Amino acid sequence: MKVKNAIQSTEMNTDLKSKMTKLPYKNGYIELFPDGWYLVEHNAQDQLKYKEFICCHSLSVLARCHDENDNWFFVLQWEDYCGNEKRWLMPAEHLHQYSLQYIQELSKRGLKVSTIKKPKDALSFLINKNPIEKIGAYTSRLGWHGKKFVTPYKIYGDTNHETYFQDLNTLKKSYGTKGSIDDWRNKLSSLLREQSRFVFAISSALSGPLLKLLDIPGGGFHIVGKSSIGKSICLYIAASVWGSPSTYINHWNTTSNAAEALAAMRNDGLLVLDEISQATNKDVGTMCYMLANDKGKSRSFSDGGNRPTTEWRIIFLSNGEETLKSVIEADGGTTNAGMEVRLCHIDADPGKGFGIFDSLVLGLNAEEQANTIRDAASINYGTAGDAWLTYLTANLDGVKIRAKEIMREFKNHFPGVKSQANRACDRFSILAAAGEIATEAGITGWETGDAMKGVKACFENWIMNNGHDGNQEERNIVKQLSLYLEKYANNKFEKIISSKNSKKTDSENSIEDDSTSISIVAGSRTGYYRESDQVFLIPPNTFEEICKPYPLKAVIETLVKHKLIKADKDGHGTLKINNPNVDYTRAYAIKKSIMDYQF
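Here the structure is a predicted model, which means the values were calculated and not measured.

What counts and what doesn't
- Residues numbered from 1 in each chain as written.
- Predicted model: local features only at pLDDT ≥ 70, side-chain atom pairs only at ≥ 80, totals over all residues.
- Heavy atoms only, no water.
- pLDDT = per-residue confidence, 0-100.
- Helix = DSSP H or I, 4+ residues; strand = E, 2+ residues; numbered from the N terminus.
- Contact = heavy atoms within 4.5 Å.
- Salt bridge = Lys/Arg side-chain N within 4 Å of Asp/Glu carboxyl O.
- Buried < 20%, exposed > 50% of the residue type's maximum accessible area, 1.4 Å probe, protein only.
- Phe/Tyr/Trp six-rings, centres within 6.5 Å; stacked < 30°, edge-to-face > 60°.
- Lys NZ or Arg CZ within 6 Å of the ring centre and 35° of its normal.
- Pairing = 2+ DSSP bridges.
- Axes fitted to C-alpha atoms, helices over the stretch in contact; angles between N-to-C directions.
- Parallel < 35°, antiparallel > 145°, perpendicular 65-115°, else oblique.
- Nonpolar A, V, L, I, M, F, W, Y, C, P; charged D, E, K, R; others polar.
- Bend = angle between axes of the 7 residues up to and from the residue.
- Core = buried A, V, L, I, M, F, W, Y, C linked by side-chain atoms within 4.5 Å.

### Describing the confidence of the model for the chain
Piece 1. Here the chain shows a mean pLDDT of 86. Residues at 70 or above account for 87%.
Piece 2. Looking over the chain, one finds the lowest element-wise mean pLDDT in strand β1 (residues 8–9), namely 40, and the highest in helix α4 (residues 196–214), namely 98.
Piece 3. Every residue in residues 1–18 is under pLDDT 50, and counting partners more than four places away or in other chains gives 52 contacts.
Piece 4. Of the regions scoring below 50 in pLDDT, residues 502–508 engages in twelve contacts with residues more than four places distant in sequence or in other chains.

Set out below in structure tokens:
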């Protein structure tokens, strides 16, 4: 059986292949015989005096093509020793600087080539002087190229211009199809329409190609839950949209450089990362930023100048027993609001008593249902992605309009969200749009509104964990200070009892107090607690240490915003202290109410 190579182009008419059979070369010809290309020379009487094999007869030059940086390539095609069709996009520069290298590459890929120098030189001439006039575009990058979408096995969309893709990363091992779209829809997807986490996962997988169409940045989602609850099955189902789940799923146990390559391999699609606890704690935050920010590191050539930066736009789906915050803090690090909104975490358990499931429809218990789903996904995969890209490329303008309508409808369900939560809502709304449009296209087997309902349930879970403003950093700051004060209020703060001589000063918040501190703390003292206005007075250096790892500026802004601090208008967050018994004149005055504060 002949196997197609991973290099793909739009359908090519055989008339475009070279029909040349004879080419003048030095004192003779390069000529095609039934068993191969030969270098032939004749004497003056036209008698054959030299005939040497160059390469097998199946080699042809289909086209010349160029990439976005105007580097040129030859599209070569041949049959290997087993009769399998092969293609290779050979850099044109190899004919000159790397002639031995390109011949080695052809040999490695199964082309029979002469080992003698004279015929090998003739091979370079044959490739370079082939009269083929077909010009095309080359890419090694998956995803959108104008109105086309490139995958390792197929190029979707506009076929008016040739586009050639060369797989530089053995992507064919993870992409691919098995079964039919009817089987995937009827034996898998349609049966999960009431399972919110699985509707969410499938919609995540479908949403990647919409990002560029709508000019929306990528980002990630993290499914969190205890061991054996079913998190991995969610990732398995998402991966089945595009290829074999067993090879499509990647792992967090990788370096930043490797993650950059993985993201580029999934451009305009879905990157699946299993088990966040496997990540190197110090790198996981940086990796999240990088994946969500759509580009890799800037690098330079050894002789100066900058290399082209690797770019992508993806949805990445992750899972683990821990949140991003807990993984980073285990190594002494800290997260911020921007980082946590780039990887929105969702509880795996919807609270229905069936683990990750909302109900049992494919088994007597959660474990049996999970096994049934896994078995179905292992023999039905990739066809949904194929149908989805076929639909998108045939309906680009309509998809853009419909997606924006659904996104607005989704966001109308959450009029109270703001700040970071609004950014998260934008990304959830893309998933709802992808799921609903794929349903309208007949891909999922769901009812209208199922994707909206499933994604909405997951966003409501995110709001429950993060609030309608989504500013987790502010919550963390207030929580950290509150816990500190609850722990040390009675043994690290001396009390200042107001006397009847206490009086307000010209400062709005300062109190002139001639009372003495009456409670003596055991051990080191952090500060004072002033009963007259119920504030904890903490000296600047000590307060800055308590706030770490959060920047002092961010802490002050948070406390001012939520009215949890007393400060002079020109005191940079501090308050003037007028008490001879207090051994500093300015302090941060944190209100006692912080310990009971609710967002």
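### Description of the environment of Phe536
Piece 1. Turning to its location among the elements, Phe536 is positioned in strand β23 (residues 535–538).
Piece 2. Setting aside anything within four residues of it in sequence, one finds Phe536 in contact with Leu485, Ala489, Phe493, Tyr528, Tyr529, Tyr588, Ala589, Ile590, Lys592 and Met595.

### A word on the pattern of salt bridges
Piece 1. Summed over the entire model, instances satisfying the criterion amount to 22 salt bridges.
Piece 2. The residue Asp121 makes a salt bridge to Lys117 at a minimum N-O spacing of 2.8 Å. Of this pair, Asp121 and Lys117 both sit in helix α2 (residues 117–129), separated by four residues, roughly a single helical turn.
Piece 3. Owing to a relative accessible area of 34%, Asp121 belongs among the partly exposed residues under this scheme.
Piece 4. Measuring nitrogen to oxygen at the nearest pair gives 2.6 Å for the salt bridge that ties Arg193 to Asp450. Linking Arg193 in the loop between α3 (181–187) and α4 with Asp450 in helix α15 (residues 450–466), this pair joins segments that are 257 residues apart in sequence.
Piece 5. What makes Asp450 buried here is its relative accessible area of 9%.
Piece 6. Connected via shared salt-bridge partners are Glu105, Lys108 and Arg109.

### Focus: the packing of aromatic side chains
Piece 1. Within this structure, the stated rule accounts for 19 aromatic pairs.
Piece 2. Where Trp144 meets Phe149, the ring centres are 5.1 Å apart and the plane angle is 85°; that geometry is what we call edge-to-face. In this pair, the class of Trp144 matches that of Phe149, namely buried.
Piece 3. Look at Tyr529 and Phe536: their rings are 4.8 Å apart centre to centre, the planes differ by 45°, and that puts the pair in the tilted class.
Piece 4. The ring of Tyr50 has Lys118 lying over it, and the distance from NZ or CZ to the ring centre is 4.4 Å.
Piece 5. Its end group placed over the ring of Tyr248, Arg266 keeps NZ or CZ at 3.9 Å from the ring centre.

### With respect to the sheet that holds strand β14 (residues 219–224)
Piece 1. If you walk across this open sheet you meet the five strands as β15-β16-β17-β14-β18, and the pairing is parallel. At either margin of the open sheet sits one strand with a lone partner, and together these are β15 (250–251) and β18 (343–347).
Piece 2. Here β14 pairs with strand β17 (residues 315–320) via six bridges, running parallel. Bridging across to β17, His222 finds its partner in Ser318.

### With respect to the packing of α4 against helix α14 (residues 419–440)
Relative placement of two packed helices is described by the angle separating their axes and the distance separating the axes.
Piece 1. Close contact between α4 and α14 brings their axes to 7 Å; oriented N to C, the two are set at 95°. Taken as axis vectors, α4 and α14 run roughly perpendicular relative to one another. Side by side, α4 and α14 meet where Phe200, Ser203, Ser204, Leu206, Ser207, Leu210 and Leu211 of the first sit next to Phe428, Ile430, Leu431, Ala433, Ala434, Gly435 and Ala438 of the second.
Piece 2. Each residue belonging to the contact of α4 with α14 can be placed in one class, and the counts come to ten nonpolar, four polar and no charged.

### A short note on the pairing of strand β3 (residues 28–33)
Piece 1. Here four bridges tie strand β2 (residues 22–25) to β3, and the two strands are oriented antiparallel to one another. For Tyr25, the partnering residue across the bridge sits in β3 and is Gly28.
Piece 2. Here β2 folds back onto β3 in antiparallel fashion, the turn holding two residues, of which Lys26 has a positive phi close to 50°.
Piece 3. Sheet analysis places β3 next to strand β4 (residues 36–42), joined by six bridges and oriented antiparallel. Across the sheet, Leu32 pairs through a bridge with Trp37, a residue of β4.
Piece 4. In sequence, β3 turns back onto β4 through a hairpin of two residues.

### Comments concerning α4
Since the α-helix turns once every 3.6 residues, residues separated by three or four places project in the same direction.
Piece 1. At Gly208, α4 shows its maximal bend, which comes to roughly 40°, and the proline Pro209 appears one to four places after that position.
Piece 2. In the segment just after α4, Asp215 is the residue with positive phi, at about 55°.

### A few points about the sheet that holds β2
Each strand in a sheet pairs with another by means of backbone hydrogen bonds, the pair being arranged parallel or else antiparallel.
Piece 1. Strand order in the open sheet made by the four strands is β2-β3-β4-β5, with antiparallel pairing throughout. This sheet does not close on itself; its edge strands, each paired only once, are β2 and β5 (48–55). This sheet shows a mean twist of 25° between the axes of neighbouring strands, independent of strand direction.

### A look at the pairing of β5
Piece 1. In terms of strand pairing, β4 meets β5 through six bridges, oriented antiparallel. Note on β5: the bridge partner recorded for Glu41 is Tyr50.
Piece 2. The antiparallel hairpin formed by β4 and β5 contains five residues in its connecting segment, where Asp46 sits at a positive phi of about 60°.

### Thoughts on the nonpolar core
Piece 1. The biggest cluster of nonpolar side chains holds 83 residues, and the ones touching the most others in it are Trp388, Phe428 and Phe459.
Piece 2. Not counting the four nearest positions on each side in its chain, Trp388 is found in contact with Leu206, Pro209, Leu210, Trp242, Ala434, Ile437, Ala438 and Ile443.
Piece 3. In this structure, Met20, Leu39, Leu59 and Ile103 belong to the second largest nonpolar core, which totals 27 residues.

### Some remarks on the side chain of Ser318
Piece 1. Mapped onto the fold, Ser318 is located in strand β17.
Piece 2. Relative accessible area serves as the criterion here: at 0%, Ser318 is assigned to the buried category.
Piece 3. Look past the residues within four positions of Ser318 in its chain and what remains in contact with it is Phe221, His222, Ile223, Leu235, Trp252, Leu273 and Ile276.

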